[in-house]
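# Descriptive structure summary
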Amino acid sequence: MRWKRKDLLDLESLSLQELEYILTTAASFKEVTGRQIKKVPALRGKTVVNLFYEPSTRTRVSFEVAAKRLSADVINIAAEVSSVKKGETLIDTGKNIEALKADIIVVRHSASGAAAMLARHLKANVINAGDGWHEHPTQALLDIFTLREKLGRIEGLKVSIIGDIAHSRVARSNIWGLTKMGAKVTLCAPLMLIPPGIEETGVKVTDDLDQALSEADAINVLRMQFERDEAGAFPKAWEYFKTFGITEERLQKAKKDIVVMHPGPINRGIEMSSEVADGVNSVILEQVTNGIAVRMAVLFLVAQAKNGKKANSN
Ligand code: NCD
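A quick note: this is a predicted structure, and the numbers were derived from the prediction, not measured. (Residues numbered from 1 in each chain as written. Predicted model: local features only at pLDDT ≥ 70, side-chain atom pairs only at ≥ 80, totals over all residues. Heavy atoms only, no water.)

Here we take up the domain arrangement of the protein chain. Domain annotation of the protein chain identifies domain 1 (16–136 + 290–312) and domain 2 (137–288). Distance from the C-alpha centre of domain 1 to the C-alpha centre of domain 2: 26 Å. At the boundary of domain 1 with domain 2, total buried surface from both sides reaches about 2400 Å², with 59% on carbon and sulfur atoms. Area buried by domain 1 at its contact with domain 2 is led by W133, H136 and N290, which between them contribute 30% of it. At the surface where domain 1 touches domain 2, the tally comes to four salt bridges. (Domains from an automatic or database assignment. Buried area = accessible area lost by both parts, 1.4 Å probe. Salt bridge = Lys/Arg side-chain N within 4 Å of Asp/Glu carboxyl O.)

Quick look at the structure:
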């Protein structure tokens, strides 16, 4: 197929064919990252700007490494030290970055829809690196890529997503990606952290951790986003760990070769014990490594689409 999307904003609007195409492209880039000379000239002469309005370690560095391996020039902008502090709007900032000849803008923002808004106003390609509670498409793509690498397929797999689903853009993107690819998804959390109506996406919901673990081929464990608990209604960390924390003991009851994922950052002793995070079932650091190939694929593909098209036109 020929890639036509100018931007990558979500997984909700991607077809199965497009998802597969990104994953296949990522697999060929993974081969490149295993070579002695890890660089290819695919984006030589292009400029990628990482525009981050929220904290990030993995995602920002991963996009930077990916862009550099494609031979692009990379500029990092952290909102705390930019003119955003002086009151500049997101669109003005974006237009100025574009006027400085950026080809691709990777944006992280606390508002859902921020990346889509930028994409509508700019000719540059826009990649969503996490917008509010909405989506974090490249994270889900790297989760799915890792899962497929480990278990050989996605179709028919039982995947439980455990933790603070309500505030998680990672969960939403995983739900879209996994269900489109034929996985059976169960969400497990205290019910106050499950968004109402989420079953409509075809997932199962439970607040019984042992049930979510018992049949799962893989689990994706999410951080409790205490910083988004405006109402102060979250369970306390110790309470949460007692009921929903993933421990060795609990994993004993799961499939022996269950794949344990986490998008990071981990809060050890809250959503997961250190033994599990560092244990034999954990693929957490492999996810981070795979993030490079997946982001190379996304940067490469959006750059193929003609600039100046309307966002997400097919
Ligand atoms: C997450 C995020 O920022 O959405 N992390 C990530 O990008 N790998 C999840 C989180 O903050 O818990």
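With that out of the way, let us pick up the sheet that holds strand β3 (residues 104–109). Spatially, the four strands line up as an open sheet ordered β2-β1-β3-β4, and their pairing is parallel. In this open sheet, the two strands that pair with only one neighbour each are β2 (73–78) and β4 (125–131). Taken pair by pair, the neighbouring strands of this sheet meet at an average axis angle of 15°, ignoring direction. Across six bridges, strand β1 (residues 47–52) lies against β2 in parallel orientation. Counterpart to F52 in the pairing with β2 is A78. Of the strands in this sheet, β1, β2 and β3 touch helix α3 (residues 90–99), which is tilted by about 160° from β1. (Pairing = 2+ DSSP bridges. Helix = DSSP H or I, 4+ residues; strand = E, 2+ residues; numbered from the N terminus. Axes fitted to C-alpha atoms, helices over the stretch in contact; angles between N-to-C directions. Contact = heavy atoms within 4.5 Å.)

Next up on the list: the nonpolar core. Judged by nonpolar contacts, the single largest core of 87 residues is most densely connected at I219 and L299. Broken down by element, the residue count for this core peaks at 11 residues, all from helix α11 (residues 284–304). For L299, the residues in contact, after removing those within four places along its chain, are L43, V48, F63, A66, A67, L70, I104, V106 and I127. Among the nonpolar cores identified, the runner-up in size contains 17 residues, and L9, L51, Y53 and A102 belong to it. (Core = buried A, V, L, I, M, F, W, Y, C linked by side-chain atoms within 4.5 Å. Buried < 20%, exposed > 50% of the residue type's maximum accessible area, 1.4 Å probe, protein only.)

As a further point, take the pattern of salt bridges. Throughout the structure, instances matching the rule amount to 16 salt bridges. With its nearest N and O atoms 2.8 Å apart, the salt bridge here joins E64 to K68. A residue pair is termed a helical-turn pair when its members lie 3 or 4 positions apart in one helix, as E64 and K68 do in helix α2 (residues 58–69) at four residues. Since its relative accessible area comes to 16%, E64 is described here as buried. Under the relative-accessibility criterion, K68 is labelled partly exposed at 38%. What emerges from the salt-bridge pattern is a single network uniting E54, R169 and R228.

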